[in-house]
Amino acid sequence: MIYLFAVMLTCGTTVVMTSCGGGSAQPEKTAEEVVADTLAEPVKRDTFPADRWMEENKQKEGVIEKDSIQYRVIQEGTGKIPNRRMRVKMNFDLRLTNGKVVESHQGKDVMELPISRLIPGLQNALRLMPEGSTWEIYVPWQLGYGEEGSKNIPPHSALIFKVHLIEIVR
């Protein structure tokens, strides 16, 4: 049985690798070499848990994928569909894929917002929703808060919105 131990000194640049219990010792690498090896490996999008979550979610019954988002119709409205230049009145809840509620406006004052000021994923969804609709919208991290995240949203987070589009402001 071979045991491998690696130690990186934070104030130096040496990484010491040793093995015990037989077998040949691993060659020593500098910290720069270890970092270069790590960075040389391409980052695959499917390495993010949110990407895996979105892949699994689109297989669920009733989930529709369109314009790089996913959604499930809870109640279909019969009104007009807004465009990017319009303002809308709506209520929404926002939660992460682990169920943590980030923001909730359901049952509170109606919010009036310009669509163009919303995250891209929500813009895409609202441009598909007729007035009066309530949808659960699943936004991939690339169309949400991306690699940076936000105050209460970690980087690379898929988002779940429950949106009630009350009306388009004329």
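Up top is the structure these notes are about.
So, how was this worked out
- Position labels on residues start from 1 in each chain and follow its written sequence.
- For this predicted model, a pLDDT threshold of at least 70 governs which residues receive local features, and a threshold of 80 or more governs which side-chain atom pairs are given and counted, while totals over whole chains, interfaces and linings are taken from all residues.
- Hydrogens and water molecules were not included; the side-chain quantities draw on all heavy atoms of the structure.
- A helix here means a DSSP run of H or I that spans at least four residues, while a strand means a run of E at least two residues long, and both kinds are numbered starting from the N terminus.
- Throughout, exposure labels follow a simple rule: accessible area from a 1.4 Å probe, protein chains only, divided by the maximum for the residue type, with under 20% read as buried, over 50% as exposed, and the rest as partly exposed.
- We call two residues in contact when some of their heavy atoms are within 4.5 Å.
- Each accessible area is a Shrake-Rupley estimate made with a 1.4 Å probe; only the visible protein chains count as cover when residues are assessed.
- In this description, the arc belongs to the directions extending from the helix axis to the C-beta atoms.
- Here a Phe, Tyr or Trp ring, Trp counted by its six-membered ring, pairs with any other such ring whose centre lies within 6.5 Å, and the pair is stacked when the planes are under 30 degrees apart, edge-to-face when over 60, and tilted otherwise.

1. Side note on the overall build of the protein
Within the protein one finds 3 helices and 10 strands. A burial count over the protein gives 34% of its 170 residues as buried. If you take every contact in the protein between residues at least 6 apart in sequence, the share linking residues at least 24 apart comes to 60%. As presented, the protein carries roughly 10700 Å² of accessible surface, and 53% of it is formed by carbon and sulfur atoms.

2. A short note on helix α2 (residues 49-57)
Among the residues making up α2, those that are buried are Ala50, Asp51, Trp53, Met54 and Asn57. For α2, the angular spread of the buried residues around the axis is 160°, confining them to a single face. Opposite the buried face of α2, by more than 90 degrees, sit the exposed residues Pro49 and Glu56.

3. Looking at the packing of aromatic side chains
The geometry of an aromatic ring pair is captured by two quantities: the separation of the ring centres and the angle between the planes. Applying the stated criterion across every chain yields a total of 3 aromatic pairs. An angle of 55° between the planes, with centres 5.9 Å apart, marks the rings of tryptophan 53 and tyrosine 138 as tilted. Taken as a pair, tryptophan 53 in helix α2 and tyrosine 138 in strand β9 (residues 134-139) lie far apart in primary sequence, 85 residues in all. Each member of the pair tryptophan 53 and tyrosine 138 is classed as buried. An angle of 55° between the planes, with centres 6.0 Å apart, marks the rings of phenylalanine 92 and phenylalanine 161 as tilted. Here phenylalanine 161 lies in strand β10 (residues 159-169) and phenylalanine 92 lies in strand β6 (residues 87-96), a separation of 69 residues in the sequence.

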